[in-house]
Amino acid sequence: MTKVLFYIILDVMKIDKSLINTLREDPKEAESRSHRILLRGGFIKQLASGVHTYLPLGWRVILRISNIIREELDRIGGQEMLMPAIAPKEIWQESGRWDEYGDDMFRLKDRKGRDYCLCPTHEEIVADIARTTVRSYRDLPQIWYQIQTKFRDELRPRFGVIRSRQFIMKDSYSLDQDPAGLDHSFELHRQAYTRIFKRCGLDFEVVNASGGLMGAGESKEFIAIVDIGEAQVVSCNKCDYRANIEAAVGVGVTELFNDEALAEVHTPGKKTVIEVSDFLKVSRKNLIKSIFFTAPDKKSILILLRGDYDINENIIKNIFGFSYRAASSEEIIRFFGAEPGYIGPYGKEGFDIHADDLLKGTKGMITGANKNEYHIKGLNIDRDIKVNKYLNLRYVKQADHCPNCDGELNIKNGLELGHIFKLGTKYSISLNAAFLDEYGERKPIVMGSYGIGLERIMACACEQKGDDKGTAWPVSIAPYELYLLVLNPSENDVKELADKWNAELIANQFRVLLDDRDISAGIKFNDSELLGIPIRLIVSPKAVKQGRFEVLTRESGELLEIERNDVIKKCCQIREELYRKLNE
RNA sequence: CGGGGCGUGGCGCAGAUGGCUAGCGCACCAGCUUGGGGUGCUGGGGGUCGCCCGUUCAAAUCGGGUCGCCCCGACCA
């Protein structure tokens, strides 16, 4: 059995001496299954929106998760350290993220009025360490990691511990001399993450992702498929194509309409695609949406999209730059002389037009006339407007076609557990973290950044393994492995046997939760199920008399009656089997 | 930030046409009881009704403000 580093954990806990405090009723704020179980079971306690205490039971789960992560990161050569949770403004200004991060960053001032933040992530700090400690290509590659509290002032914390403002993250950073080295470090992380989530007993998928604010390099997410997931995963029903919807590329079908002359149509009060298509009794596919983007100091762009698709703004930002935003109503009115809903590509200049590739060659389309209460019909894209580029700019829809084969794409909800990506030289250049290569040439370090949300693993286990009664921890992350449930502990022979077995189980490296409380049986049964301890052994007067003992495996529900002399051996076997299954 | 909801012992809730010691269930403490699925009984402890201001002889209850929390959406590493 693995021991947790730095912490001494008693392998037995009497439940009535512990802080374990289960609730009979669901706390009213809990909506998701994991939130309900974690609160009711006394694993966590909320202090403020998105801020939680991990009570002893929950903390044991977190510690066991961290331990698995440590083992797997150490295995790929990671070196654990601990960086500060607060950092001065200056270092964040060097990368530009003091401004880019916006309101998601918790900020504070010290007594002298100097600005600090509570770090939402640590690329800048790593680059700062690297620029003074890494000098030569001989110092590379490196993998550094920490398990640390992160702070993000989320607009809307949700689902208890799943989207919170203070959370524990394992973040690691790779430093390499060149892109090939980065590829290798990235692959090592991909393997380590796969082992970590498997060992934690979770069902997950590895999908292509988009980098967002972190940079545009390759990135993959490890996503658990659960209903409450905030991410959407696109997957092909025929091949192994998997992508976050933010990064997914679907193949759609171009729809052709009759060519006809341009004409204005009166569309009073009809602004949205649905309103206009209903009003004119045409398919949504016959409409073109026009979305106007502006950026300071850059040429504005007008994006055209077929009416039945939504725009993926990530693509706009990745292709054209992060400073682009969808224009405000005021900007639109100023530029087009019409309200949003009535604007279009025809007859206006001063911006570039980029169109979704499903619009290529389309004729007879309907779009805004740049005049309030009017649209135009009969737009022939090649004849009437000048499109700079055709690009895939849309979100995938259910049943779009796969980019890699002839399969169909499905969309499911998922929860992001981990994310790995290739940063490249973004931070090393801006923070001047460089090394001398073997020819004496100064080069920026090539970085990668890799995160795992520890609480999300805990919550996800509850979502995936739990039921109406409570959770069913995978044995590898369970706070205790065996629930020793004692009925009528006041009877001497019962108590003696329970104590004897308790000692034997501990001798066999079991983490035992001993429930010999002098309360009614039902409470103990219900608690054992709510707390989700993998194996339950019952010692009762009846069982002592008959010499046969009940052993329940929580997750499978398998119930065994075991002869007295075989009980400890059987418990060991069940535990081994549970661990074995995780490594399959 | 837009929409909706909620703040009354640790948890879940009732009380709201202003009115007299603010209730119930669970949990907690003491005792008895029961003893394989939240047992029964008795006796206890615990709440300035989120906060502020106002109206009133009188405010948990009415009015205004404010803070917090939850849900839906928008936003986003």
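Residues numbered from 1 in each chain as written. Chains lettered and ligands numbered in written order. Predicted model: local features only at pLDDT ≥ 70, side-chain atom pairs only at ≥ 80, totals over all residues. Heavy atoms only, no water.

Draft legend 1. Region of interest: the overall build of chain A. When you go through chain A residue by residue, the secondary structure sums to 16 helices and 30 strands. For chain A, the spread of C-alpha atoms along the three principal axes comes to 95 × 65 × 50 Å. Relative to its full complement of 584 residues, chain A shows a buried share of 54%. Considering only contacts in chain A between residues 6 or more positions apart, those separated by 24 or more positions represent 70%. (Helix = DSSP H or I, 4+ residues; strand = E, 2+ residues; numbered from the N terminus. Buried < 20%, exposed > 50% of the residue type's maximum accessible area, 1.4 Å probe, protein only. Contact = heavy atoms within 4.5 Å.)

Draft legend 2. Inspection of the domain arrangement of chain A at higher detail. Each domain of chain A was delimited in the assignment, giving domain 1 (31-229 + 412-463), domain 2 (263-307 + 318-390) and domain 3 (482-582). Just the C-alpha atoms count here: the centres of domain 1 and domain 2 sit 40 Å apart. (Domains from an automatic or database assignment.)

Draft legend 3. Examining the confidence of the model for chain A more closely. In the predicted model, chain A carries a mean pLDDT of 90, and the fraction of residues at 70 or more is 97%. Taken together, the stretch residues 1-9 has pLDDT below 50 and engages in 18 contacts with residues farther than four places along the chain or on a different chain. (pLDDT = per-residue confidence, 0-100.)

Draft legend 4. Structural context of the protein's contact with RNA strand B. In the vicinity of RNA strand B, 42 residues are found, and the nearest of them are R156, H419, N488, S540 and E550. A share of 50% is what sugar and phosphate atoms reach among the atoms of RNA strand B within 4 Å of the protein. Between a phosphate oxygen of RNA strand B and a side-chain N or O atom of Q46, the distance comes to 3.2 Å. Listed by contribution, the elements that provide at least two residues to the surface near RNA strand B are β2 (44-48), β22 (409-424), α14 (521-531) and β28 (535-539). If one sorts the elements of the surface near RNA strand B by residue count, α14 sits on top with six residues. (Near = heavy atom within 4 Å. Polar contact = N/O pair within 3.5 Å; in protein donor to acceptor, adjacent residues only side chain to side chain.)

Draft legend 5. Structural view of the packing of aromatic side chains. The final tally for this structure, using the stated rule, is 15 aromatic pairs. Aromatic rings pair up to connect Y193, F197, F204 and F222 into one cluster. Over the face of the ring belonging to Y480 we find R60, whose NZ or CZ atom lies 3.9 Å from the ring centre. Sitting over the face of the ring of Y374, K371 holds its NZ or CZ atom 4.4 Å from the ring centroid. (Phe/Tyr/Trp six-rings, centres within 6.5 Å; stacked < 30°, edge-to-face > 60°. Lys NZ or Arg CZ within 6 Å of the ring centre and 35° of its normal.)

Draft legend 6. Seen up close, the side chain of D115. Tracing the chain through its elements places D115 in strand β7 (residues 115-118). Side-chain polar atoms of D115 contact the side chain of K109, separated by 2.8 Å. Not counting chain neighbours up to four residues away, the residues in contact with D115 comprise P88, K89, W98, L108 and K109.

Draft legend 7. Summary view of the sheet that holds strand β17 (residues 325-326). Spatially, the five strands line up as an open sheet ordered β17-β15-β16-β18-β21, and their pairing is mixed. Two strands bound the open sheet, and with one partner strand each, they are β17 and β21 (389-391). Inspection of the sheet shows strand β15 (residues 288-295) paired to strand β16 (residues 298-306) by seven bridges, in the antiparallel sense. Residue pairing in the sheet places I291 in a bridge with I303 of β16. (Pairing = 2+ DSSP bridges.)

Draft legend 8. Just the sheet that holds strand β20 (residues 374-379), in detail. Strand order across the open sheet formed by three strands is β14-β20-β19, with antiparallel pairing between neighbours. The sheet is open, and its two borders are formed by β14 (263-266) and β19 (365-368), each paired with just one other strand. Adjacent strand axes in the sheet meet at a mean angle of 35 degrees, parallel and antiparallel pairs treated alike. One ladder, built from four bridges, connects β14 with β20; its direction is antiparallel. Along β20, the bridge assignment pairs A263 with K377. (Axes fitted to C-alpha atoms, helices over the stretch in contact; angles between N-to-C directions.)

Draft legend 9. Here's a closer look at the packing of helix α13 (residues 492-507) against helix α16 (residues 567-582). Relative to each other, α13 and α16 sit at 40 degrees, their axes nearing to 10 Å. Classified by the angle between their axes, α13 and α16 sit oblique to one another. Note that α13 runs across α16; the crossing there is right-handed. Only V567, I568 and C571 of α16 make contact with α13, whose side of the interface consists of W501, E504 and L505. Split into classes, the residues belonging to the contact of α13 with α16 amount to five nonpolar, no polar and one charged. (Parallel < 35°, antiparallel > 145°, perpendicular 65-115°, else oblique. Left-handed = near helix turned anticlockwise from the far one by under 90°. Nonpolar A, V, L, I, M, F, W, Y, C, P; charged D, E, K, R; others polar.)

Draft legend 10. Structural detail: the environment of G77. Tracing the backbone shows G77 in the loop between α2 (56-75) and β4 (79-80). Owing to a relative accessible area of 43%, G77 belongs among the partly exposed residues under this scheme.

Draft legend 11. Broad picture of the pattern of salt bridges. Under the counting rule described, the total for this entry stands at 52 salt bridges. With its nearest N and O atoms 3.0 Å apart, the salt bridge here joins R163 to E230. Of the two residues, R163 is situated in the loop between β8 (142-151) and β9 (166-176) and E230 in the loop between β11 (219-225) and β12 (231-236); the sequence distance between them amounts to 67 residues. Using a relative accessible area of 24% as the deciding quantity, one classes R163 as partly exposed. (Salt bridge = Lys/Arg side-chain N within 4 Å of Asp/Glu carboxyl O.)

Draft legend 12. Molecular detail of unusual backbone geometry. That bond from L140 to P141 is cis: its omega, 0 degrees, falls within 30 degrees of zero. Looking at the element boundaries, P141 is found in the loop between α5 (123-133) and β8. Non-glycine residue N488 carries a positive phi angle of around 50 degrees. Locating N488 in the fold gives a position in the loop between β26 (482-486) and α13.

Draft legend 13. Examining helix α6 (residues 179-199) more closely. An ideal rise of 1.5 Å per residue puts 30 Å on 21 residues; α6 measures up with 30 Å between its terminal C-alpha atoms. Listed as buried for α6 are G181, L182, S185, F186, L188, H189, A192, Y193, I196, F197 and R199. The buried residues of α6 occupy an angular sector of 160 degrees when projected down its axis, which confines them to one face. Once α6 finishes, G201 follows within two positions and takes phi at roughly 80 degrees, a positive value. (Expected span 1.5 Å × (residues − 1). Arc of directions from axis to C-beta.)

Draft legend 14. Structural context of the environment of K524. With respect to the helices and strands, K524 occurs in helix α14. Overall, K524 belongs to the buried group, its relative accessible area being 0%. Put simply, K524 and V486 are 38 residues apart on the chain and 8.6 Å apart in space, counted from C-alpha to C-alpha. Among residues more than four places away in sequence, those in contact with K524 are Y483, L485, V486, L487, P489, D515, R517 and I519.

Draft legend 15. Geometry of the pairing of β19. Pairing of β19 with β20, which is carried by three bridges, proceeds in the antiparallel orientation. Opposite M365, over in β20, you have L379 as the bridge partner. Between the antiparallel neighbours β19 and β20 lie five residues, among them N370 with a positive phi of about 60 degrees.

Draft legend 16. The arrangement of the pairing of strand β6 (residues 106-109) in detail. For β6 and β7, the ladder comprises four bridges, and the chain directions are antiparallel. Bridging across to β7, F106 finds its partner in L118. Where β6 folds back on β7, the antiparallel hairpin that results is connected by five residues, among which G113 adopts a positive phi of roughly 90 degrees.

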